[in-house]
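Observations on the model geometry
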Amino acid sequence: MKVTVRGQETFVSTGGREFDPMGNVLLFIHGSGQSHLSYMLQGRFFANRGWSVITPDMPAHGLSKGTALTTIEDMADWMAELLDTLGVSSANVVGHSQGGLIGLELARRYPAKVKSLSQVATALAIPVNDALLSMAENKEPAAIAAMTDWGHGVDGHRHDHTMPGQDHMNYGRQLMAANESGALFADLTACVNYTGGSDAAAAIRCPCQVILGQKDKMTPLKFGLKMAEALDVLNPVVVVGAGHMLPSERPNEVNKALRPFFEMN
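Residues numbered from 1 in each chain as written. Predicted model: local features only at pLDDT ≥ 70, side-chain atom pairs only at ≥ 80, totals over all residues. Heavy atoms only, no water.

Quick notes on the overall build of the chain
- Each helix and strand counted, the chain has eleven helices and eight strands in total.
- Over its C-alpha atoms the chain spans a radius of gyration of 16 Å, differing by no more than 12% from the 18 Å that the globule rule assigns to 265 residues.
- Principal axes of the C-alpha set define a box for the chain whose edges measure 40 × 40 × 40 Å.
- Counting the 265 residues in the chain, one finds 58% classified as buried.
- Across the chain, the fraction of contacts at a sequence separation of at least 24, relative to all contacts at a separation of at least 6, is 75%.
- Total accessible area on the chain stands at roughly 11,100 Å², and carbon and sulfur atoms take up 51% of it. (Helix = DSSP H or I, 4+ residues; strand = E, 2+ residues; numbered from the N terminus. Rg over C-alpha atoms; globule rule 2.2 N^0.38 Å. Buried < 20%, exposed > 50% of the residue type's maximum accessible area, 1.4 Å probe, protein only. Contact = heavy atoms within 4.5 Å. Areas by Shrake-Rupley, 256 points an atom, 1.4 Å probe, with all protein chains shown as cover.)

Below, the structure written as structure tokens:
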């Protein structure tokens, strides 16, 4: 569906089902250079099992218009405005990578809007390699290729994909290339400049869960485990052999971890 946020047309995937703002709402927040397509296998799965799903493309990403946002804090404010636009009082929030930083900030700034927080392949801070940042600014296709490579574990480099007819590497490159030029650099810069993760985690009181990839090169496991500790998550889920692109690379494991948590909250 399409809605207007801050005067700009915004695309929000509902998992192929009619969205009910009064239902049990799941808000999926995508990562740097990503879009609603990153969560295709979560959106459809949960929308067809009774949850009300919203997976927005942030400005300049996917099918959304506008200019890319430049700070994690503003992205969190934008998510809160989206919820208000849709008439959603509170949601179970899922953040992947940069989306996890946004989730932290959203839960800190708008605690009444966040029923629970699921953090997927993310950390309290996401430093970005200088070479990658330079590529994103000056050679965006090279940055997309590098992120697609680094973002997947061994399984993700194989052609077999959980979505029939797709392969992980080409899917990832085409997904990222569909965004407006400059959006990836804006995202990565926002991650570099965000320093509020520890303070946000300390302020969060909603139920939290953490799902991590054992072979994640972009937000290494040790940093995800530190985040779990900061959020008082005693049993983080570690997907053996998985890389950074967990929602698309290992969707079955991610869905199996999310579902019981959603059912409790």
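Here the narrative resumes.
Focus: unusual backbone geometry
- Although it is not a glycine, Arg6 adopts a positive phi angle of roughly 55 degrees.
- Among the structural elements, Arg6 can be located in the loop between strand E1 (2-5) and strand E2 (8-13).
- Residue Arg6 is classed as partly exposed on the basis of its relative accessible area, which comes to 39%.
- Residues other than glycine seldom take positive phi values, yet Asp232 does so here, at roughly 60 degrees.
- Structurally, the position occupied by Asp232 is in the loop between helix H9 (221-230) and strand E8 (237-239).
- Classification of Asp232 as exposed rests on a relative accessible area of 65%.

A closer look at the state of the cysteines
- A complete count under the given rule lists zero disulfides for this structure.
- Cys191 takes part in no disulfide bond, and the closest cysteine sulfur, belonging to Cys208, lies 19 Å away.
- Of all cysteine sulfurs, the one in Cys206 lies closest to Cys208, which takes part in no disulfide; the gap is 4.3 Å.
- Among the residues examined, Cys208 registers a relative accessible area of 15% and is labelled buried. (Disulfide = S-S within 2.5 Å.)

Quick look at the nonpolar core
- In terms of nonpolar packing, the biggest core is built from 60 residues, with Leu27, Leu104, Leu106 and Leu231 touching the most fellow members.
- Element by element, the count of residues in this core is highest for helix H2 (residues 72-86), at nine residues.
- Ignoring sequence-local partners within four residues, the contact set of Leu106 consists of Leu27, Ile29, Ala76, Met79, Ala80, Val93, Pro111 and Val114.
- Among the nonpolar cores identified, the runner-up in size contains 19 residues, and Leu26, Trp51, Val94 and Val254 belong to it. (Core = buried A, V, L, I, M, F, W, Y, C linked by side-chain atoms within 4.5 Å.)

What about the layout of surface pockets?
- Estimates place the volume of the largest pocket at around 280 Å³.
- Across the lining of the largest pocket, the residue classes tally to ten nonpolar, eight polar and one charged. (1 Å grid on protein atoms, 1.4 Å probe; cavity = no way out; pocket = protein on both sides within 12 Å on 5 of 7 lines; lining within 4 Å. Points joined across faces, edges and corners; volume = space filled by probe spheres on them. Nonpolar A, V, L, I, M, F, W, Y, C, P; charged D, E, K, R; others polar.)

Points about the sheet that holds E1
- With mixed pairing, the eight strands of this open sheet are ordered in space as E1-E2-E4-E3-E5-E6-E7-E8. Each edge of the open sheet carries a strand with a single partner, namely E1 and E8. Mean inter-strand twist for the sheet, computed between neighbouring axes without regard to direction, equals 25 degrees.
- Pairing of strand E3 (residues 25-29) with strand E5 (residues 91-96), which is carried by four bridges, proceeds in the parallel orientation. By the bridge assignment for E5, Leu27 is matched with Val93. (Pairing = 2+ DSSP bridges. Axes fitted to C-alpha atoms, helices over the stretch in contact; angles between N-to-C directions.)

Regarding the packing of helix H4 (residues 130-138) against helix H5 (residues 140-150)
- Between H4 and H5, the shortest axis-to-axis distance is 6 Å and the interhelical angle comes to 140 degrees. Relative to H5, the element H4 is oriented oblique. For the pair H4 and H5, the contacting residues are Leu132, Met135, Ala136 and Asn138 in the first and Glu140, Ala142, Ala143, Ala146, Met147 and Trp150 in the second.
- Broken down by class, the residue content of the contact of H4 with H5 amounts to eight nonpolar, one polar and one charged. (Parallel < 35°, antiparallel > 145°, perpendicular 65-115°, else oblique.)

Focus on the environment of Met40
- Mapped onto the elements, Met40 comes out in helix H1 (residues 40-47).
- When its relative accessible area of 17% is taken as the criterion, Met40 is described as buried.
- Placed 27 residues apart in sequence, Met40 and Ser13 show a C-alpha to C-alpha distance of 8.8 Å.

Structural notes on H2
- Helix length check: H2, at 15 residues, gives a terminal C-alpha distance of 21 Å against a target of 21 Å (1.5 Å per residue), a fit within 8%.
- Of the residues flanking the end of H2, it is Gly87, one or two places downstream, whose phi is positive at about 75 degrees. (Expected span 1.5 Å × (residues − 1).)

These figures capture arrangement, not role.
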